[in-house]
Amino acid sequence: MRVISWSCECCLYLTPSAVLVLTLSKLVVCPASGSLERRPEWKDFILMADSKPLFSLDGDPVAAEALLRDVFGIVVDEVIRKGTSASEKVCEWKEPEELKRLLDLELRSQGEAPEQILARCRAVIRYSVKTCHPHFFNQLFSGLDPHSLAGRVITESLNTSQYTYEIAPVFVLMEEEVLKKLRALVGWSSGDGVFCPGGSISNMYAMNLARYQRYPDCKQRGLRGLPPLALFTSKECHYSIKKGAAFLGLGTDSVWIVKTDERGKMMPEDLERQISLAEAEGSVPFLVSATSGTTVLGAFDPLEAIADVCQRHGLWLHVDAAWGGSVLLSQTHRHLLDGIQRADSVAWNPHKLLAAGLQCSALLLRDTSNLLRRCHGSQASYLFQQDKFYDVALDTGDKVVQCGRRVDCLKLWLMWKAQGGQGLERRVDRAFALAWYLVEELKKREGFELVIEPEFVNVCFWFVPPSLRGKQENPDYSERLAKVAPVLKERMVKEGSMMIGYQPHGTRGNFFRMVVANPALTRADMDFLLNELERLGQDL
């Protein structure tokens, strides 16, 4: 063993004066510099702990704090203040190639100065869509709740994983309390649940749990131990139902589509018929997925009647209330979900109508037999040791398919603490009131036509431009009308004035789907929507 000077900075990231104790080893070619160097061994890296990192804030708390204060200042100015102002743009549209150039997305070997990093933060915000803007109506989520945002900041700063009590004691207890509250609103005094990475995953979990409950051997034996299975959902269901069937190996052919009425609600009599047809073909029915708040029309399936069918046939009833679940907070409107207490599982996304912030998605179960853990658990001994010094039932990570799981309960808990249940109820009721105001104003104006009278906060309508008014009898009317929404969408996005979604639906051509969800919306925003569509479409 001898002492030599190591000069290959590109490999070790040490200062040129670093002196290391090296053992004799083979000579190697440095992949970065191409020079002939000795191959270092593990002992050679010990002194790296004392070397100063390059282009990094590691070990410099003053600089790190200064950077974060600057970034938080940018967020407050550019996202919270400007992003929620009706006088600012919803988005600053750029074509993909231009946006790539403006953002300078390439990742390089050398780091950048703090000033450049701050400039990049500003650019990211500038060219991103401001979903907190009062004229962002594009999705089922919008708005910005400050308490929820505070919870998200704390969550990201603590950077823990929600799988064991030992590393997430606060959040393990908090998650259970929040889930308990949500279950109580459903109508259950006991049960289970977990926060999932989105409503689609909640729906998939429900499908997997229903299958496991009926055929517990499938966890070990897989699909070879199963007969052909059948699940039932309406034609208005979320697309995650078919995706889930494919992902779980059931196949999309196992999904039987039930007819809906003219309002988009599942027809219980056709559910009975589909079950009989599936059984006649040799399939075994195991689950019905009803929807409370369909994506486009905002329809609520008749849960009591569907629950009766499930009870007669011994089927698991899952309710996808990802969109409509928050209506349970409203004493005025919760009748839309009558019968939900009879479900076996419920998916509910508070990040939508309650504006809890992405993502906040709960799967709720009536089950009290520890079905989640039995279905998904694998008892990994390096995480879920059974001889810990505390109650290991608090280690909830074995309930889920994931290992690492982000904390999604704090944002909702903190918002609920600040608003109270009454405040959240007012938020829901106000959304309904504004949706009704929009409908009444829409009916007063020439050139606007409702697709259907809404029962929720989805307001679906056509804008009929001047050139098509009074021409409903023309053979090409529907075809020409279907082209209007895409043109107006392009114009509004490129101007940055607002964003609103559109889609075809069955035999109906493209129409707009207005979503009233942002808790900061006012009647003035509803008026702006109508005025802006008139302005953008006046020459069509």
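Residues numbered from 1 in each chain as written. Predicted model: local features only at pLDDT ≥ 70, side-chain atom pairs only at ≥ 80, totals over all residues. Heavy atoms only, no water.

Note the cut-off: UniProt positions are given in the numbering used here, feature names are shortened, and annotations may be inferred rather than shown by experiment.
Identification of the protein chain as Cysteine sulfinic acid decarboxylase from Panthera pardus is taken from an unreviewed UniProt entry. Recorded in UniProt under Cofactor (unreviewed entry), the annotation for the protein chain is "pyridoxal 5'-phosphate".

## Examining the overall build of the protein chain
Put simply, the rule is: Secondary structure elements are defined from DSSP: runs of H or I of at least 4 residues count as helices, runs of E of at least 2 residues count as strands, and each element is numbered from the N terminus. Whether a residue is buried, partly exposed or exposed follows from its accessible area with a 1.4 Å probe, protein chains only, as a fraction of its type maximum: under 20%, in between, or over 50%, in that order.
Within the protein chain, the regular secondary structure consists of 16 helices and 16 strands. Counting all 540 residues of the protein chain, 49% fall into the buried class.

## Description of the sheet that holds strand β13 (residues 448-450)
The line we're drawing: Strand pairing is assigned whenever DSSP identifies at least 2 bridges connecting the two strands. Throughout, a contact is declared for two residues whenever any of their heavy atoms are within 4.5 Å. Each axis is a line fitted through C-alpha atoms, taken for helices only over the stretch in contact, and angles between the N-to-C directions span 0 to 180 degrees.
One open sheet accounts for five strands, arranged β5-β15-β16-β14-β13; its pairing is mixed. A strand with exactly one partner marks an edge of an open sheet, and here the two such strands are β5 (136-137) and β13. Here strand β14 (residues 458-463) pairs with strand β16 (residues 508-515) via four bridges, running antiparallel. Bridge pairing links phenylalanine 461 to phenylalanine 512 in β16. Sitting on the sheet, helix α13 (residues 410-444) touches β13, β14 and β16, and the angle it makes with β13 is about 130°.

## Re helix α15 (residues 484-495)
Just so we agree on the cut-off: What a helix is expected to span follows from its residue count: subtract one and scale by 1.5 Å. The arc in question is formed by the directions pointing from the helix axis toward the C-beta atoms.
Compared with an ideal rise of 1.5 Å per residue, which puts 12 residues at 16 Å, α15 spans 17 Å between its outermost C-alpha atoms and is within 8% of the ideal. Turning to α15, its buried residues are Val484, Ala485, Leu488, Lys489, Met492 and Val493. Along the axis of α15, the buried positions cluster into a sector of 145°, meaning they face one direction only. At its buried positions, α15 is contacted by β14, α14 (477-481), β15 (499-505), β16 and α16 (523-537). At the exit of α15 stands glycine 496, carrying a positive phi of roughly 80°.

## Looking at the UniProt feature "modified residue: N6-(pyridoxal phosphate)lysine" (unreviewed entry) in the protein chain
In the UniProt entry, the feature "modified residue: N6-(pyridoxal phosphate)lysine" (unreviewed entry) is given for Lys352. Residue placement: lysine 352 occurs in the loop between β11 (345-348) and β12 (361-365). For lysine 352, a relative accessible area of 14% translates into the label buried. Sequence-distant contacts of lysine 352, defined by excluding residues within four places in its chain, comprise Leu140, Phe141, Ala322 and Trp323.

## So, unusual backbone geometry
The peptide bond linking leucine 358 to glutamine 359 adopts the cis configuration, its omega dihedral lying at -10°. The phi torsion at aspartate 104 lies on the positive side, around 50°, for a residue other than glycine. Look at alanine 355: it is not a glycine, yet its phi comes out positive at around 60°. Following the sequence through the fold, alanine 355 ends up in the loop between β11 and β12.

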